[in-house]
Structure formats: C-alpha cells, structure tokens
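# Report on the structure
Spelled out, the chains give:
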Amino acid sequence: MSARRRFVPTREWEDERQRRGLVGEREALAYLTACGWSVEAHRFRLGRHDVDLIVRRGRTVAFVEVKTRNGRSHGAPGESVGRRKQEAIGRVAALWRLRHGRPDDEFRFDLVAVRTWGGRVEVEHVPDAWRL
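Below is a short write-up of the structure. Per chain, residue numbering runs from 1 following the sequence as it is written. It should be noted that, the model being predicted, local features are given only for residues of pLDDT at least 70 and side-chain atom pairs only at 80 or more, the latter also being counted only at that level, while totals for whole chains, interfaces and linings use all residues. With hydrogens and water excluded, all non-hydrogen atoms of the structure serve as input to the side-chain values.

## Points about the pairing of strand 4 (residues 106–117)
Cut-off, in case you're wondering: For every residue, the accessible area (1.4 Å probe, protein chains only) is compared with the maximum for its type, and the residue is labelled buried under 20%, exposed over 50%, or partly exposed between those bounds. Secondary structure follows DSSP: runs of H or I at least 4 residues long count as helices, runs of E at least 2 residues long count as strands, and numbering of each begins at the N terminus. Criterion used throughout: strands pair if DSSP finds at least two bridges between them.
Among the twelve residues of strand 4, nine are classified as buried, and the element is accordingly described as predominantly covered. Pairing of strand 4 with strand 5 (residues 120–130), which is carried by eight bridges, proceeds in the antiparallel orientation. By the bridge assignment, alanine 113 is partnered in strand 5 with glutamate 124. As consecutive antiparallel partners, strand 4 and strand 5 are separated by two residues, and within that stretch glycine 118 has a phi angle of approximately 55 degrees, a positive value.

## Structural notes on the environment of aspartate 128
Note the cut-off: Pairs of residues are marked as contacts when any of their non-hydrogen atoms sit within 4.5 Å.
One can find aspartate 128 in strand 5. Between the C-alpha atom of aspartate 128 and that of aspartate 110, which follows or precedes it by 18 residues, the distance is 5.0 Å. Beyond its immediate stretch of four places on either side in the chain, aspartate 128 contacts Arg108, Phe109 and Asp110.

## Structural notes on the sheet that holds strand 5
Using the following cut-off: For helices, the fitted axis covers only the stretch in contact; all axes are lines through C-alpha atoms, and the angles between them, taken along N-to-C directions, range from 0 to 180 degrees.
Strand order in the open sheet formed by five strands is 1-2-3-4-5, and the pairing between neighbours is mixed. Only two strands of the sheet have a single partner each, and these edge strands are strand 1 (38–46) and strand 5. Ignoring strand direction, the axes of neighbouring strands in this sheet form an average angle of 30 degrees. The pairing of strand 1 with strand 2 (residues 49–57) spans seven bridges and is antiparallel.

## As for the packing of aromatic side chains
The criterion, for reference: Centres within 6.5 Å are what make two rings of Phe, Tyr or Trp a pair, Trp counting through its six-membered ring; a difference in plane orientation under 30 degrees is then read as stacked, over 60 as edge-to-face, and the rest as tilted.
Scanning the entire structure with this criterion turns up four aromatic pairs. For the pair phenylalanine 63 and tryptophan 96, a centre-to-centre distance of 5.7 Å together with 80 degrees between the ring planes defines the contact as edge-to-face. With phenylalanine 63 in strand 3 (residues 60–70) and tryptophan 96 in helix 2 (residues 83–100), this pair connects stretches of sequence that are 33 residues apart. On the accessibility criterion, phenylalanine 63 (1% relative accessible area) is buried. Measuring from centroid to centroid gives 5.4 Å for phenylalanine 109 and tryptophan 130, while their planes differ by 15 degrees, and the two rings are stacked. Of the two residues, phenylalanine 109 sits in strand 4 while tryptophan 130 sits in strand 5, which places them 21 residues apart along the sequence. Each member of the pair, phenylalanine 109 as well as tryptophan 130, carries the same accessibility label: buried.

Here's what the structure looks like:
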C-alpha cells in the first residue's frame, strides 16, 4: 500500500481553518508582490513542515510565515509563532537555501499577519520577526 497522500482540490477542503489560511496566504502574496517582492516558492515543504512563502527582493530572501485571523478578538497573529514553529521553519529554510540559495543572498524570517472582518482585510508585515 502506498504511503502517498491523495491530492485534494482546495474547493473540497472541509477544514475552515485551512481555507482561511489559504485566503490569508493569497492576501499576503498580493501585498508582498505589490511591495516589490518576487515569489520564489509557496508552501515549500520538508516532511510535514513548510514555509508559507519564500520571497526575494534583490539579494534579500525572506522566509515568511503567514498568520490569518478573523476579527481582532483572537489575539495577535504573531503570538502563535512559538519557538518550536520558528525552529521548524528554520529547518525548512535551510533546505531551501541549500537547493536554491545564491552565494550572496541575505536571509531573514518575516511574519505577515492578515486579519479579516466584515469584508475588510488588514495586512501587517513584520520584517525580520525572529532570529534563530
């Protein structure tokens, strides 16, 4: 029996959190590209861990964690990126650097917080949000 996962189109996702996360990633992607970043990867994976977005502007490469919340009552999105999550993102980022990085690249970890409420969207970009 194969251990491969079956592809499930996003329209068939049943978990509302996954759909909300994808909407937030798309908003973050639109925001970052409007700010001059180019997208290197979306959901780059290593095992069960991934980096939501990997973007580049010049020599700077940012590994971006996107946190999406409905409304303002659920706490700051950045509060949910604890040390273990940061370290997991760091391991995935190290693999991307080995495979796709350039010798003169500068790397950092960013956070993009997306809040949606009443049809409105608010995007906050925190450059260099943490260091390993």
